[in-house]
Amino acid sequence: MSNYQKGSPDDAEAVPPNVESQFSVVPPRQRVGVATDDSSSAAWAVRMLNVTKSFGSIHANMGASLEVRVGEIHALVGENGAGKSTLMRVLAGLYAPDAGTVEVLGRDVSGWKTTDAIAAGVGMVHQHFMLVPTLTVAENVVLGMEPMSGLTLDKGKALADVRALSARTGLAVDAERRVSDLSVGEAQRVEILKALYRGARVLILDEPTAVLSPPETRELWQVLRTLRDAGNTVILITHKLDEVIEISSAITVMRTGRTVARLNTHATTPRDIARAMVGRDVSLALDMIPGVRITSEHEAPMPPEPTGPAALRIDGLTVSTDRNTLAVNKLSFAIAPGEVFGIAGVEGNGQTELLEALAGLRRARSGKILLENVDITQHNVRDRADAGLSHIPEDRHRRGLVLDYSIADNLILGRQHRFTSATGLDHHKIASEARNQIQAFDIRPPEPQVPARALSGGNQQKIVIAREMGRPFRVLLAAQPTRGVDVGAIEFIHAQLRKARDAGKAILLVSADLAEVLALSDRIAVMYGGQFACVLPAADCDAERLGPYMTGANG
Amino acid sequence: MSAGTRTGIAFRRHLEETLLPPLVALVVAMVVGDMLILSYGQSPSTVYRLLIDGTWGNAYGFGQVIYKATTLTCTGLAFALAARAGLFNVGAEGQLAMGGFAAALAGLALPVGTPMFVAAPICAIAAMIAGGATAAVPGVLRAKFGASEVIVTIMLNFVVLALLNYTITAHLHVPETLHTPEMHAGTVERLSDSFASFHGSAANWTLVAAIFAALGVWYFLFRSKGGYELRAVGLQPDAAEYGGVSVSGVMIRAMVWSGAIAGLGGINFVLGYKGYYEEGFAAGSGFLGIAVALVGRNHPIGILFAALLFATLSQGGLAVNALVPKQLVDILQAVVILAVATAVPEVQRELRAAAASVARTTAGVNASNAKAQS
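Residues numbered from 1 in each chain as written. Chains lettered and ligands numbered in written order. Predicted model: local features only at pLDDT ≥ 70, side-chain atom pairs only at ≥ 80, totals over all residues.

## A look at the overall build of chain B
Of the regular secondary structure elements, chain B holds 15 helices and zero strands. Taken across its 374 residues, chain B has 48% of its residues classed as buried. When contacts within chain B are restricted to residue pairs at least 6 apart in sequence, those whose partners lie at least 24 apart make up 78%. (Helix = DSSP H or I, 4+ residues; strand = E, 2+ residues; numbered from the N terminus. Buried ≥ 20, exposed ≤ 12 C-beta atoms within 10 Å, placed from the backbone. Contact = placed C-beta atoms within 7 Å.)

## Comments concerning the interface of chain B and chain A
Listed per partner, the contact involves 19 residues of chain B and 24 residues of chain A. A total of five residues in the side of chain B that touches chain A trace back to one element, the largest contributor, which is helix α9 (residues 225-235) of chain B. For the side of chain B that touches chain A, the class distribution of residues is nine nonpolar, four polar and six charged. (Nonpolar A, V, L, I, M, F, W, Y, C, P; charged D, E, K, R; others polar.)

## A look at the sheet that holds strand β3 (residues 73-78) of chain A
The strands making up a sheet are joined through hydrogen bonds of the backbone, oriented either antiparallel or parallel. Residues and elements named next belong to chain A. Spatially, six strands are ordered β6-β9-β10-β3-β11-β12 in an open sheet, and the strand pairing comes out mixed. Two strands close off the open sheet at either side, each with one partner strand: β6 (122-125) and β12 (258-264). Between one strand and the next, the sheet's axes are offset by a mean angle of 20°, whatever the strand orientation. Across five bridges, the pairing between strand β9 (residues 202-206) and strand β10 (residues 233-238) is parallel. Opposite I204, over in β10, you have I235 as the bridge partner. Along the sheet, helix α5 (residues 184-197) makes contact with β6 and β9, crossing β6 at roughly 165°. Strand contacts of helix α8 (residues 270-278): β3, β11 (250-255) and β12, with the helix running at about 30° to β11, the strand carrying the most contacts. (Pairing = 2+ DSSP bridges. Axes fitted to C-alpha atoms, helices over the stretch in contact; angles between N-to-C directions.)

## Some thoughts on the domain arrangement of chain A
Residue and element names in this part refer to chain A. Split into domains, chain A comes out as domain 1 (1-121 + 202-209 + 232-281), domain 2 (129-200) and domain 3 (312-550). Across the contact, eight residues belong to domain 1 and nine residues belong to domain 3. No other element matches α8, which puts three residues into the side of domain 1 that touches domain 3. Considering only residue class, the side of domain 1 that touches domain 3 consists of four nonpolar, three polar and one charged. (Domains from an automatic or database assignment.)

## Thoughts on the confidence of the model for chain B
All names here are of chain B. The predicted model of chain B averages 87 in pLDDT, with 89% of residues at 70 or higher. Within chain B, the lowest mean pLDDT, 63, falls on helix α15 (residues 327-373), and the highest, 97, falls on helix α11 (residues 247-264). In the predicted structure, residues 361-374 sits below a pLDDT of 50 and forms zero contacts with residues beyond four places in sequence or in another chain. (pLDDT = per-residue confidence, 0-100.)

## Overview of helix α12 (residues 266-274) of chain B
An α-helix turns once per 3.6 residues; consequently, residues spaced three or four apart project the same way. All names here are of chain B. Burial analysis of α12 places eight of its nine residues in the buried class, the great majority of the element. Every buried residue of α12 is accounted for by G266, I267, N268, F269, V270, L271, G272 and Y273. Each element contacted by the buried residues of α12 is listed here: α3 (59-84), α4 (92-109), α5 (116-145), α8 (206-223) and α11. At the exit of α12 stands G275, carrying a positive phi of roughly 85°.

## Re the confidence of the model for chain A
All names here are of chain A. With 85% of its residues at a pLDDT of 70 or more, chain A has an overall mean of 82. Here residues 1-42 scores under 50 on pLDDT; set against residues more than four positions off or in separate chains, the count is 77 contacts. Taken as a whole, residues 283-305 scores under 50 in pLDDT and shows 37 contacts with residues more than four places along the chain or in a different chain.

## Structural notes on the pairing of strand β16 (residues 364-371) of chain A
Residues and elements named next belong to chain A. Of the strand pairs in this sheet, strand β13 (residues 312-320) and β16 are connected by six bridges, and their pairing is antiparallel. Within β16, the position partnered with T318 by the bridge is S366. In this sheet, strand β17 (residues 374-375) lies alongside β16 in antiparallel orientation, the contact comprising two bridges. In the strand pairing of β17, L370 is matched with D375. Where β16 folds back on β17, the antiparallel hairpin that results is connected by two residues, among which E372 adopts a positive phi of roughly 45°.

## Structural notes on the environment of L328 of chain B
All names here are of chain B. Turning to its location among the elements, L328 is positioned in helix α15. By the C-beta count within 10 Å, which is 24 here, L328 ends up buried. When the C-alpha atoms of L328 and G33 are compared, they prove to be 7.7 Å apart, with 295 residues separating the residues in sequence.

## Let's talk about the packing of α3 of chain B against α11 of chain B
Two numbers describe a pair of packed helices, the interaxial angle and the distance between the axes. Residue and element names in this part refer to chain B. Relative orientation of the contacting elements α3 and α11 amounts to 175°, with a least axis distance of 7 Å. Between α3 and α11, the angle falls in the class roughly antiparallel. Every residue of α11 that contacts α3 at C74, T75, L77, A78, L81 and A82 is listed here: A254, M255, W257, S258, G259, I261, A262 and L264. Here the contact of α3 with α11 is composed, by residue class, of eleven nonpolar, three polar and no charged. (Parallel < 35°, antiparallel > 145°, perpendicular 65-115°, else oblique.)

## Some words on the sheet that holds strand β23 (residues 523-528) of chain A
Residues and elements named next belong to chain A. The strand order β18-β21-β22-β15-β23-β24 describes an open sheet built from six strands, whose pairing is mixed. Each edge of the sheet is formed by a strand with only one pairing partner; in this case those strands are β18 (389-392) and β24 (531-537). Pairs of neighbouring strands in the sheet enclose a mean axial angle of 15°, with direction left out of account. In the sheet, β23 pairs with β24 via six bridges, with the strands oriented antiparallel. When the sheet's bridge partners are listed, I524 is paired in β24 with L536. Contacting β18 and β21 (475-479), helix α14 (residues 457-469) runs over the sheet at an angle of about 175° to β18. Sitting on the sheet, helix α15 (residues 487-502) is in contact with β15 (340-344), β21 and β22 (506-510), with an inclination near 145° to β22.

## A look at the pairing of β23 of chain A
Residues and elements named next belong to chain A. The buried fraction of β23 is high, at six of six residues. Residues of β23 alternate between two faces, with R523, A525 and M527 on one and I524, V526 and Y528 on the opposite face, all of them buried. In terms of strand pairing, β15 meets β23 through four bridges, oriented parallel. Across the sheet, A344 pairs through a bridge with V526, a residue of β23. Between the end of β23 and the start of β24, which pair antiparallel, lie two residues, with G529 showing a positive phi angle near 60°.

## Overview of the packing of α14 of chain A against α15 of chain A
All names here are of chain A. Two numbers describe how α14 lies on α15: the axes approach to 10 Å, and their chain directions differ by 10°. By the angle between their directions, the pair α14 and α15 is classed as roughly parallel. Residues G458, Q461, K462, I465 and M469 of α14 form the contact with α15, whose own contacting residues are G488, A489, I493, Q496 and A500. When its residues are assigned to classes, the contact of α14 with α15 shows five nonpolar, four polar and one charged.

Below you can see the structure in the form of structure tokens.
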């Protein structure tokens, strides 16, 4: 790290003048958001200046700017709700900006439409894939631009085209397979192929690694580098600072709808980026970055293996998937009070089903679940909650929140039976609960009647955290507790989890983010194929050691 | 900005967003109506005056509006209750008929001379049980087997109506008619018995049941735990399940109550108007309830007003029949529905944009104030 030059991202004039890498030429000192007098505008793949975009009273972009050179991998970072996705949707023609200019490859295209964007070579790979699962890879890729023979799809040509494209770009995927049979990583490659097939030269990827395993991420980086070397431009939206450092050559940092810094990757550090994103120093964010583990007073000595009564004991638990295949296979483990038991592993190895079975959302095929020696295997969701089980579900948009319910109503979800009076729901009690929780967990905006949908991802997650941790509980199931939330909220949520552990709660942490599991757990299990490939004290673990277990190499 | 004014503004915006769309829809319908009336060579103002005079302008017309609105309130509530649980109950037509039939049967079974305050509630409960039982079939099929309630309720309409027709023609009809014998007990007084000026109109005191149904549904949806859970199931079933709600249980209960309220609508005709069940007594009221719920935005209070609107249009059609065809009013009803269905999101977007520009201005002022202070 010492040979990185430090930038000062709080300052808009953050870019050191003399640092130029072979991939990116960061423009000389300039105020971000003000047009430069750089005459060689042809070298810009994308220039967005002073873009403003509001949705009702929510100002997603307030004079945001983004300048990307041709042939660079540019990271667009910022907290949730900073306006990154909106800015990219403006670029892709999905939204018309309220004000500001957009130039792509030297053309002024402000206020264009999606079709214009595609024609001009801007392609967006969305976080949630937009593929037709019943069609094959080739059919999906050509969808909308099908090569025709007469009135029917020329399947042979489609196949040949897609194979050629796949070979040329290194995006290896079997063109004849159905999309429903693909892994997440493969589906993402199909999305990228789709964009390239439409002639994309500026590729926008919205948090592409959120769904990928580490090996898949590495493959994606390889693909992106190949594309870059072929003269394409890549804009990467992400929260993950290690990715930014690894893959990008220039960085634009957004905060509250504005561009706050433009940095040269080679001249900055994760700490600087994090500070620019949050607007202040962030300590906890750093242990999210591999190789930068910081010690704090929270890192108490490892509690011993559970010897006394376990808070949660799983005995020979077997759970099926929706398709009635085996998801969890005779799993047994125990978690002591005051222990964080982390489960790492590539998604789809039974973690989701395990948690659903523990939470009462999925029937266990066999085995026992004991909460402080009470058999809760046959309990329903409500009885488990009453027995002291809290659950942060992995998908807050699907399960954790009723998005159209207000903050106050969401804060009682799962405990609605405890907020009733003789005549129905007790609105005074609900309101006072909301006031307390909003204050205790710093939920913004602090207005109980605002619908959860209107909140940023981090604040939505705080509602879930407040509801599940702001009440008496003994065991917490925390699934992807910080997925898709910003650095500030991650810091807050991690602090809450540590506080709960120190207060003697047992926590089962499941996260696709290995760094998070490493940072928080006392013991770590790697789940593979419905079983634990290993269970190790966290002190003995690092990414290198766990990696092989995650891919099943040691299993 | 104090919390009070903020709540005030939020409330005003909520009110605007709720009320403006149906009003805009009404204006659109009137403009279309103008054009249609002109195409018949009539003056819109004359026709509209006639429409108002024939409905709200005199006690008889108003009574007829109330009579029609009573049934529509029930079928509208029925649709809305199911819709709030994410279910599409298109079976109010059959549930309404079942309710009316059961009420008539109950009235036949009761001994002659049973006091009205005993007999009428018994008949009403019979109507609700019959309607609820009819709707339970699609509810259970949906909750347990995932069968689409849309298809099942639609098809069940035919089954129910055919079954009722068969039962009546084969066993129960008064010769030379299509209706059941007169009830022994349970009939409800008409408004005209108390207020002579309503003379001739079918409006009757079962309207109290419809109003109580609306208040009850409102209280249930927005003030009770059950309503909290039902709406959660409608919005996000996975989140409701996570919140300890039995999704299939809520679906079945929602359908049963939806059918029960639709069935309750049957007493308007049977107890309040004729005193017997007659084939096809309320044909179309079940389906029109969908439109009522749509215009009333699935809100019980909105449904009361929407039911009055549609009842006015349908009664007004008769009033203007001399000048323009009655079907013109059917077209107006269709336009109201289409306008609400399509214009509403437009209006809401416009409202939000306007609010945003206001907010921007205030934000700008605040910012410059702040700057001036610092």
